[in-house]
Amino acid sequence: MAGTTARHLTLEAARRELGLRRDEFTLGIEHGVICTCWSGDELCVRAGEVARWRANPSELAELTRLVHATEAAGLAGISRHRFDQLARAGVIRPVRSYTNRYHAEVWQYSAADARQLPERRPELLDARLPGPYLAELASGADRRAEGHRTRLRAQALLMLRDPWTKAAAWSYWLSSAQSPTDRGQLNHAETVHLARRAAEERLTEVLGSHANPVTLEEQAEAAGEFTTALRRARRSRPAPELVAPSDAAARLGCAAEQIPDEYRDRGVPADLLEQSVAHDLATVPAPARVAVVREQRAAQRRKEERQAARKAEQASKRLRERREHAAAARARAHVPERTADPRVTFHLGPTNSGKTHDAIALLAACAEAGRTGVYAAPLRMLAFEVYERLRTRLGAERVGLLTGEERLNPDAPVLCCTAEAAPTVGDFLVVDEAHWLADEDRGHAWTRLLLSGAHTDVHVCAAPEAEDLLRKLFAPGTDITVVRHTRHGTLSRTQGFQAVTLPSASAVVAFSRKAVLALHCELLEAGRSATVLYGAMPPAARREQIRRLSEGEVDVIVTTDVIGHGVNLPLSTVAFAETGKYDGRSRRELLIWEAAQIAGRAGRRGHDAGEGLVGAYRSRLPGLTVGARLLDQAVQAANGARSGGLRVTTARLRPTWTDLGRPEPGEIPHAVAGWTAAARKTAQECSWLRPMPVAEILLKLQVARQAVAASLDVDARWPRDGHTVWRLITMPIDVNRPAYPAVCRAVLHGAALHHLIRPAVCIERMTLPQAEEYAATMRDLGTAVLAFGRECGGLSAEEVAACEQTAAERINQLVAASRPLATHGSCASCGEPCAPWYTHCDTCHSARFSCYDVEFDW
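This section reports on the structure supplied with the text. Note that the structure is a prediction, hence the values are computed from the model and not measured. (Residues numbered from 1 in each chain as written. Predicted model: local features only at pLDDT ≥ 70, side-chain atom pairs only at ≥ 80, totals over all residues. Heavy atoms only, no water.)

### Observations regarding helix α16 (residues 270-278)
Argument step 1. Burial in α16 covers these residues: L272, L273 and S276. In an axial view of α16, the angular spread of the buried residues amounts to 100 degrees, which keeps them on one side of the axis.
Argument step 2. Taken together, the buried residues of α16 touch α11 (188-200), β7 (242-243), α14 (245-252), α15 (261-264) and β8 (268-269).
Argument step 3. Among the residues trailing α16, D280 stands out with phi positive, at a value near 60 degrees. (Buried < 20%, exposed > 50% of the residue type's maximum accessible area, 1.4 Å probe, protein only. Helix = DSSP H or I, 4+ residues; strand = E, 2+ residues; numbered from the N terminus. Arc of directions from axis to C-beta. Contact = heavy atoms within 4.5 Å.)

Listed below in structure tokens is the structure:
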């Protein structure tokens, strides 16, 4: 940083750091907003002062802001006419003036001065102006210029440190105004010393002529200020005595003619003569020469300070780089290994082939024999479904539920878990939907379960396409049994359905919340009983909608692809309202295996649904299109007649805090980079292994850093240790969720989160979007409270769960009312149907915005 030392910044450097204009910066110094100090012979600003205001830039900008007369009048709460009167009368002083393009002088004022005007002079704001003011205004007097010159003189004096130099400045102003100064109050030594200070400090160049007193009042004020400044200078130290030029020449060993003209008539200052003798000079230096030497020395000192600061910065940079390299070098890409040779069974088959059913039956039999077991699923809802099934068979005390949001009987011998929460110990392990190990974001959880642990029996349920990769995850010679399952019941392709022709126990599938709500509205208008199911609903609300369909309260459920992963519904029919989806980057057509996964929900075994039907749903809403050929291929893939095109070739690996070398918070980005490089080298040896993307982890770290206002340096200070920060940034909470920054502030800074808890009365009045958003926030808070306990804002798991449950009940209440949940799908102008993701139909959109499409012939 140019113009700095370890503790001080020059005025120019401080101004640049604070991002202020020169007049704003000077105004801040004059008002005392920006505190200054002297470093040697130079006025500086402490580095701490700059850092303090950089942390509050808006407050500093407001205190140093310059405004024109109209805005200043608004800040003072008076009319522009009254403000102009007060300004011309000198009640408020301008800070700056300039000539605009119309050759008129424009005045600028301090916003702080204008805001404080009602407090300083309240008697002048509303009542009639006193007679003297009115007389001055009537005579055409304008004291603004006088006030402006007064402020310029005050600003110039701020830069002068020595009392004799300040007295010399007032003497200069008096001389420039040709005011009759009382020379009787000055002796010869003081007169010479004032002239010397003016020459050595180059006051003629520093002060200029813009601040010279003009009016008699200004000249009288300058005379009084000069007397005061002279008195203070005398108290600080007396003026140096004068030595006769002949005596000075004798001491220096030079001719009297070599003494500068400034000292030849009245004498040489004693201190200057002593300095010349000490430095072995041939004569006394002239004041102008002293100023040049002083300026050269100051420039050299600033240069040396800059060089020292640059060297210190370079040394600090090298130290940071060494720490960064050390943090990266400590990271290791550790591939987990099993501590025992298990018996492995692959259950491979399409949807509705009974692979998960058979594996769970074996798990239940193992538990009945007194052994422990773990069931790992991709979704909380699927884990809860299996938990309910096993609890009915084994008893509530022998089965537990362990997910990122809840823990029920976690010490039970049999645990139903999401893959991320599943323990790696136990006798019997069932890994469901194991082809998820290829997923970029969550695949590491399946990889961890399959590569590590001490289970003696491992049952893996997956799509047939995952078999080759699954075999590579186990050591050569492992006892692997493959059970190939075929679909129970044939899935049939039909031509299509309409709202009135949909059979009971049908699912209409779309791929956005807006489309689901629009289709739900359409079915209700057609007289069908329908409910909805989509990802934004809390789990309790999802389970309630599944129950309503299972018990026959409704005929149709309108859903997204949330049913595609293990959600068992008694469906006879799956009707696709569209086959295109937005995948987070662009809108695309479904892949065959994605469509087959959803289509396979029809005709589920064990639900007496019989033969499953798959077809298109013909909606009156525009924008919803169905690919007939894609549905044909999906039905064939679900029946096992063809491949779905699912590619499961690589498993994902994620680092642990130990793999990163136990870094401090500031070292985490470099440790992650080192781990990624090491993992890529490991992937060259294990071609089926890939490091997971770390962009979201680093983005979460950035949010956490902003929460504690930590710097980007590797040695930045954080209020918590590296392990706590790592747990925080790897929690299963989306970084874009509003709860995540609040959780960061709570865990790292100890901020309270009780303000996020709403009373039940408030929740019961929420609309559907509000209840969904609030339930999602409570679900995120539940995850954080489960991980950090009371450290997370002082909340308890019980109160967070109660709020989520109340929000879920509110959603269930709105859905069960059998009324349209939204008006999406209707044009906001004409009411005609339109694509659910648009607010206006094509006709109305063209009528409103066609003017922008006109091509002009210039």
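### Observations concerning the environment of T456
Argument step 1. Considering the arrangement of structural elements, one finds T456 in the loop between α20 (443-451) and β15 (457-462).
Argument step 2. Using a relative accessible area of 30% as the deciding quantity, one classes T456 as partly exposed.
Argument step 3. Sequence separation of T456 and F428 is 28 residues, and the distance between their C-alpha atoms is 6.3 Å.
Argument step 4. Setting aside its immediate chain neighbours within four residues, T456 contacts P342, R343, R371, G426 and D427.
Argument step 5. Of the polar contacts made by the side chain of T456, one reaches the backbone oxygen of D427; its length is 2.9 Å. (Polar contact = N/O pair within 3.5 Å; in protein donor to acceptor, adjacent residues only side chain to side chain.)

### Here we look at the pairing of strand β20 (residues 556-559)
Argument step 1. The two faces of β20 match: V556 and V558 on one face and I557 and T559 on the other face are all buried.
Argument step 2. Sheet analysis places strand β18 (residues 506-509) next to β20, joined by four bridges and oriented parallel. Across the sheet, V508 pairs through a bridge with V558, a residue of β20.
Argument step 3. The pairing of strand β19 (residues 530-533) with β20 spans four bridges and is classified as parallel. Note on β20: the bridge partner recorded for L533 is T559.
Argument step 4. Chirality of the crossover, the property in question, places the unit of β19, helix α23 (residues 539-550) and β20 among those that are right-handed. (Pairing = 2+ DSSP bridges. Right-handed = clockwise from strand over helix to strand, strands pointing away.)

### A short note on the packing of aromatic side chains
Argument step 1. In total, this model carries five aromatic pairs according to the counting rule given.
Argument step 2. Seen in terms of ring centroids, W170 and W173 are 5.0 Å apart; in terms of plane orientation they differ by 70 degrees. Their pairing is edge-to-face. Highlighted residues: W170 and W173, both in helix α10 (residues 163-176), separated by three residues, approximately one helical turn. Neither W170 nor W173 differs from the other in exposure class; each is buried. (Phe/Tyr/Trp six-rings, centres within 6.5 Å; stacked < 30°, edge-to-face > 60°.)

### A look at the nonpolar core
Argument step 1. One finds L470 and L728 to be the most contacted residues of the largest nonpolar core, which totals 118 residues.
Argument step 2. Of the residues forming this core, the biggest block, nine residues, is contributed by helix α31 (residues 768-788).
Argument step 3. Excluding residues that lie within four positions of it along the chain, L728 makes contacts with A704, Y740, V743, C744, V747, L748 and F788.
Argument step 4. Grouped together as the second largest cluster of nonpolar side chains are 32 residues, A507, I563, V574 and L590 included. (Core = buried A, V, L, I, M, F, W, Y, C linked by side-chain atoms within 4.5 Å.)

### Brief notes about unusual backbone geometry
Argument step 1. With a phi angle near 60 degrees, N352 is a residue other than glycine that sits in the positive phi range.
Argument step 2. For N352, the location among the structural elements is in the loop between β9 (343-348) and α18 (355-368).
Argument step 3. According to the relative accessible area criterion, N352 is buried, its value standing at 6%.
Argument step 4. With a phi close to 50 degrees, E433 is a non-glycine residue in the positive phi region.
Argument step 5. Along the polypeptide, E433 turns up in the loop between β14 (428-431) and α20.

### Here we look at the packing of helix α29 (residues 739-749) against α31
Argument step 1. α31 packs onto α29 with a crossing angle of 30 degrees between their chain directions and a minimal axis gap of 10 Å. Considered as vectors, α29 and α31 are oriented roughly parallel to each other. Both α29 and α31 take part in a crossing whose hand is right-handed. Contact with α29, carried on its side by A739, V743 and V747, involves T777, D780, L781, A784 and F788 of α31 and no other residues of that element.
Argument step 2. Classifying every residue of the contact of α29 with α31 by side-chain character gives six nonpolar, one polar and one charged. (Axes fitted to C-alpha atoms, helices over the stretch in contact; angles between N-to-C directions. Parallel < 35°, antiparallel > 145°, perpendicular 65-115°, else oblique. Left-handed = near helix turned anticlockwise from the far one by under 90°. Nonpolar A, V, L, I, M, F, W, Y, C, P; charged D, E, K, R; others polar.)

### Observations regarding the sheet that holds β18
Consider a sheet: its strands pair through backbone hydrogen bonds, and that pairing is either parallel or antiparallel.
Argument step 1. Read across the open sheet, the six strands follow the order β17-β24-β21-β18-β20-β19; overall the sheet is parallel. Looking at which strands have only one partner, the edges of the open sheet turn out to be β17 (491-493) and β19. Neighbour-to-neighbour, the strand axes of the sheet open up by a mean angle of 25 degrees, direction not taken into account.
Argument step 2. Here helix α24 (residues 592-599) sits on the sheet and contacts β17, β18, β21 (573-576) and β24 (612-616); the angle it forms with β21, its principal contact strand, is near 140 degrees.

### Notes on the sheet that holds strand β10 (residues 373-377)
Argument step 1. Reading across the sheet, the eight strands line up as β12-β11-β13-β10-β14-β15-β9-β16 and stay open at both edges, with mixed pairing between neighbours. In this open sheet, the two strands that pair with only one neighbour each are β12 (407-408) and β16 (480-484).
Argument step 2. Note: β14 against β15, four bridges, orientation parallel. When the sheet's bridge partners are listed, V431 is paired in β15 with V460.
Argument step 3. Sheet strands touched by α20: β10, β14 and β15. Its angle to β14, the strand with the most contacts, is close to 150 degrees.

### Some words on a positive patch on the surface
Argument step 1. Together, K166, R231, R232 and R235 line one region of the surface with positive charge.
Argument step 2. Considering each element in turn, the positive patch owes the most residues, three residues, to helix α13 (residues 216-236).
Argument step 3. Inspection of the secondary structure puts R232 in helix α13. (Patch = residues over 30% accessible without salt bridge, like charges linked within 9 Å, V, L, I, M, F, W, Y side chains within 5 Å. Areas by Shrake-Rupley, 256 points an atom, 1.4 Å probe, with all protein chains shown as cover. Salt bridge = Lys/Arg side-chain N within 4 Å of Asp/Glu carboxyl O. Lys, Arg positive; Asp, Glu negative; His and termini not counted. Charge placed at Lys NZ, Arg CZ, Asp CG, Glu CD.)

### Let's talk about the pattern of salt bridges
Argument step 1. Enumeration according to the criterion identifies 59 salt bridges in this entry.
Argument step 2. Of the charged contacts in the structure, one is a salt bridge between D162 and R197, with a shortest N-O distance of 3.7 Å. Taken together, the positions of D162 in the loop between α9 (144-158) and α10 and R197 in helix α11 put the pair 35 residues apart, joining distant regions of the chain.
Argument step 3. Taking the shortest distance from any N to any O, the salt bridge between D555 and R528 comes out at 4.0 Å. Of this pair, D555 sits in the loop between α23 and β20 while R528 sits in the loop between α22 (513-525) and β19, and the two are 27 residues apart along the sequence.
Argument step 4. Taking relative accessible area as the criterion, D555 reaches 25% and is therefore assigned partly exposed.
Argument step 5. For R528, a relative accessible area of 12% corresponds to the buried category.
Argument step 6. Three or more residues are tied together by salt bridges with common partners; here these are D162, R196, R197, E200, E201, R237 and D271.

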